[in-house]
Amino acid sequence: MYTPNLSLIDYDVVPYEPIHEPTSNRLILFVVDGLRAESFVNHTTMPYLRYIANSEGRWGISHTRVPTESRPGHVAIIAGFYEDPSAVTQGWKDNPVDFDSVFNRTKYTWSWGAYDIVDIFTKGTVDGHIYVTKFDPYDKAFCADKSNMLLDEWVFQHVQKFFNTAETDAFLNKKLHTNKIVLFLHLLGTDTSGHTDKPGTQNFLRTVEHVDENIKDIEEMIRNFYKNDGKTTFLMTSDHGMTNWGSHGTGDDHETQTPYVLWGAGVQQVKHLTNDKETKNMSSEHRYDIEQADLAPLMSTFLSIPVPVNSIGKLPVDLLNMTLPNRAKAIYSNSKQLLSQYNKKKQDVEDHVINILYKPYKPLNSEKIEEITTFSEKLLNENQYEELILFSEEVMNLSLAGLNYYHNYYQKPLLIATTLSFLGWIVCLFNILLDDNVCALIEIYKLKCAKPKENYILKCFTKFVTGSLYIVTIGLIYVQNLPYLYYLFFLTPIILWTNALKYFDIWIYTFTLIRMYRRVFNTIIEICCYTLGCLAMGLSLTHRWMLSIPLIGMGFWPCFSSSRNLIPKQLHACWMFGCMLLSIFSFMPVVGRAVYIELVLLAGSIWMLAMMMFTFLWKDSRTNRRDIIITLTQSIIMGLSLYIIFIQARRYEQRFALLGFLQTLCWIILVVMLLLPFGHTRRMSSRLLGVNTSIVNIYLLLSVSHEALFIVVLIFNITCWMIIEFKFLNLNNVKLTDYTFSKDSEELDTIILPVYRTLTSNDFRRAFFFTLYIILAFFGTGNIASLNSFEIRWVICFTTSYQPFIITGLVFLKTLMPFLCVGCTFKAVQHITKATSEYLITIVLIYSNIMGTQLLYYVKNTGSWLEIGTSISQFVIVQIITLFIVDINIFSKIWTEEDIYSFAFKIFGRRKKNA
């Protein structure tokens, strides 16, 4: 079955052969990886390129889109389109699909640089006209005592050797003297230096200066090789910028604003010079800002080769030193290329759409396309070049708008179907809860609820409507030959709502019970609070400060509880204080943007003090000596960890080599801390202290700023929550310290377990708190798994070499730690209240689907990649919360209920018995 192509890349688009004369025989492209515009325009460390930009060349800001990563940036520069979303499955490192590029259209292209960049543009080539010389950048160290200039030096030396070889190699010399060739130099040193040294530091600026000096030497060498024939165009630009803290990936101005300098053959000269007020001694007349994708048609125009068929760039004609006829023909070629893309996209939809349902893009329908083609050819034939330039620019804008229209053609029906699926799934989840609990209540308490009479006619009518919907939906999808995935999208809501309506009588029973217990008003208030809380959590993924709203509500929650008299004033004050402290973190900067090791040391000291107070001030006759010994061991290890953090941070700041034996010791500490909680007894207070101490220790080794204080405050707050839940049970003869993480769950059952543990409104509150804590654990200090917040100093206690798998594993471990402390405490709450895990997870699933329904309308496929990528990632995060919570519960169960001594006894006891 044919599948309409609704991706960003259209195949079988006919390339348009340009009719203008070339201004150059060759183009030299320098991509200085990670160089932001600010480093070029406000610093004098690139004196040669700044001189060129202000005299014989042109310069400006090239505006990139998110994700500001190397692959998407290079694709935009060389292919002219912004990365296809499917590239995220390859980590922005490999081609998920083939696409056209400037290199494909050249006679020959030579590339030098990192393999994961230069190989991007060789996939799919069949004639072997693209030559690559590459190196592996990932064996280079992040250490402070290493020079990142070696990466760029490797490229420059190989280019020099290449031209030296060409002097004696007649075959290579002949190739280099043909027209329509490109030489591409990928310079990675600035990006690596930005990560390790940070932009603005002396080391980074020295790397930039080294690039500037060598670009000057390469230009001189190339001009001499071609005997200054005036047929060479040079372009220096960058794939993405970088933040002040050495990261990239999102939409900060420093990340999306990159410089470009254009000089040589075909570049329009400017005579008058005036300093640009936004820069340091840069000419405002020479400045011309563009979009990054505009560079692809610009390079194609210099060489008079077809613009890449998937390019959405618009030719900046004001940068071209061409005659008026050639300028008009060049922009005319660009408009024909975009119109060809639009025609292909339009044809894909029209070939299989149902005519009655079809809504064409009216500003550029078939009749208007014919008119545009005829009129533009008339202008060209009559030599009305100025009018042709203006008309071609209008055609390009219409074509781009039309491409966007057809790309989103099925968006509204899909959105409606998905929304109905979410709502149907929420109703089905409620049905599961109500079916298990309402029927049980009716049976236990012998409630008299009138059973609704079964309506045979209504039942038949429902089946007829459902069957008709199935037939019509399948028929519409099949006739239009839509992708197979559309069957899933449009049939799912029918299936879910059919199942949801089967339990209509359960809802009648539920409303009857609510009226009987006179809880109609309370139920409405609770539904509104939880719904608004879910919406606030959904918005917090974009605006972190929104987390403070449900946190403040949680702080005041005990005041409105009917059991508020059971809570001591001191505990209530601690609970409110903890909620307020947690809400403050939602207003603080995202972690990774600044380094304050002092806060890490402070957090460790606070936790060690809390450990000592708990161990020696609150111990009783039931306190096991084993717990005391292991707690003291953990305290000693934490003190050692704080010493290592201090020493390694100080050496890093002073640019000394980090101590390898301390890194080895950190790996040992990591393993030991993961195992020590199993040494504690299953007594709830002792086991939680051991687990949380291990979590804090590991987290501190991977922290650089206020996130260390966050984990301490988070544990303090969830511990207060656990104590409040215990107080609400009003068990006069039981202490919280009496509880253990018993596998068999027999302890205290006779005291607190009723005849049948049904679902209560308190379970909805507990599930809501748990969901909020999970969101808070991930976004409380910013998404620490984000590329933009990554700080290399997170991992210096463990490694200094760039090993992607190890670094990724450590960052994942840091992300996991707050979840585990929440999960283990929630496990304790379940033990105390005897709440059913299945019910709580089902309620969490309901909350996540409410957030998912909300975020569905925030998902974007237009605008910047920042808006698109962020909206998609937020939606995905919410959808996987439940699956993630299940995993967290499994880990928490192991960490709280397993006992290394019992495990060893079982093994050795069995062996002894067998002997």
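Here the structure is shown first, and the text comes after it.
Remember, predicted model here, so these are calculated numbers, not experimental data. (Residues numbered from 1 in each chain as written. Predicted model: local features only at pLDDT ≥ 70, side-chain atom pairs only at ≥ 80, totals over all residues. Heavy atoms only, no water.)

> Can you break down the packing of helix α6 (residues 149–168) against helix α9 (residues 202–225) residue by residue, with the values?
Orientation of α6 relative to α9, taken along the N-to-C sense of each, is 5 degrees, at an axis distance of 10 Å. If you check the angle between α6 and α9, you find them roughly parallel. Seen from α6, the contacting residues are M149, D152, E153, F156, V159, Q160, F163, A166 and E167; seen from α9, they are R206, T207, H210, V211, N214, I215, I218, M221, I222 and F225. The residue makeup of the contact of α6 with α9, split by class, is 11 nonpolar, four polar and four charged. (Axes fitted to C-alpha atoms, helices over the stretch in contact; angles between N-to-C directions. Helix = DSSP H or I, 4+ residues; strand = E, 2+ residues; numbered from the N terminus. Parallel < 35°, antiparallel > 145°, perpendicular 65-115°, else oblique. Contact = heavy atoms within 4.5 Å. Nonpolar A, V, L, I, M, F, W, Y, C, P; charged D, E, K, R; others polar.)

> Which residues make up the packing of aromatic side chains, and what values go with them?
Scanning the model with the defined rule gives 42 aromatic pairs in all. For the ring pair W557 and F769, a centre distance of 5.1 Å and an interplane angle of 85 degrees mean the geometry is edge-to-face. Here W557, found in the loop between α20 (548–556) and α21 (569–585), pairs with F769, found in helix α28 (residues 761–779); they are 212 residues apart in sequence, far enough to count as distant. The class of W557 is buried, set by a relative accessible area of 13%. What makes F769 buried here is its relative accessible area of 4%. (Phe/Tyr/Trp six-rings, centres within 6.5 Å; stacked < 30°, edge-to-face > 60°. Buried < 20%, exposed > 50% of the residue type's maximum accessible area, 1.4 Å probe, protein only.)

> Break down the side chain of T825 for me, with residues and values.
Relative to the elements of secondary structure, T825 occurs in helix α29 (residues 804–833). Taking the relative accessible area as the measure of exposure, T825 reaches 2% and is therefore buried.

> Outline the sheet that holds strand β1 (residues 26–32), supporting the account with residue identities and numerical values.
Pairing between sheet strands relies on hydrogen bonds along the backbone, with the strands arranged either parallel or antiparallel. The strand order across the open sheet built from eight strands is β4-β3-β5-β1-β6-β7-β2-β8, with neighbouring strands paired in mixed fashion. Lying at the two open borders of the sheet, with one neighbouring strand each, are β4 (130–135) and β8 (290–291). For strand β3 (residues 108–114) and β4, the ladder comprises six bridges, and the chain directions are parallel. Considered in β4, the bridge of W110 is made with Y131. Across the sheet, helix α3 (residues 70–79) lies against β1, β5 (181–187) and β6 (232–237), angled at about 160 degrees from β1, the strand it touches most. (Pairing = 2+ DSSP bridges.)

> Hey, could you go over a nonpolar patch on the surface for me, with residue numbers and the actual values?
Together, I356, L357, V472 and L476 make up a nonpolar patch on the protein surface, roughly 400 Å² of accessible area in all. For V472, the location among the structural elements is in helix α16 (residues 456–479). (Patch = residues over 30% accessible without salt bridge, like charges linked within 9 Å, V, L, I, M, F, W, Y side chains within 5 Å. Areas by Shrake-Rupley, 256 points an atom, 1.4 Å probe, with all protein chains shown as cover. Salt bridge = Lys/Arg side-chain N within 4 Å of Asp/Glu carboxyl O.)

> Break down the pattern of salt bridges for me, citing the residues and quoting the values.
The final tally for this structure, using the stated rule, is 14 salt bridges. The shortest N-O distance in the salt bridge between R105 and D100 comes to 2.9 Å. D100 sits in the buried class, given a relative accessible area of 7%.

> So, the environment of N408: which residues are in play, and what are the values?
As for its placement among the helices and strands, N408 is situated in the loop between α14 (385–407) and α15 (411–445). Judged by its relative accessible area of 14%, N408 is buried.

> Residues and numbers for the packing of helix α13 (residues 366–381) against α14, please.
Between α13 and α14, the shortest axis-to-axis distance is 9 Å and the interhelical angle comes to 155 degrees. Judged by the angle between their axes, α13 and α14 are roughly antiparallel. In this structure, the crossing between α13 and α14 has a hand that is left-handed. Residues I372, F375, S376, L379 and L380 of α13 form the contact with α14, whose participating residues are Y385, E387, L388, F391 and V395. By residue class, the composition of the contact of α13 with α14 is eight nonpolar, one polar and one charged. (Left-handed = near helix turned anticlockwise from the far one by under 90°.)

> Provide a residue-level description of the nonpolar core, including the pertinent values.
Judged by nonpolar contacts, the single largest core of 123 residues is most densely connected at W575, L714 and Y773. Structurally, this core is a two-domain feature, drawing no fewer than three residues from each of domain 3 (412–517) and domain 4 (580–907). Of all hydrophobic cores here, the second largest spans 70 residues; its members include F99, V102, F121 and Y410. (Core = buried A, V, L, I, M, F, W, Y, C linked by side-chain atoms within 4.5 Å. Domains from an automatic or database assignment.)

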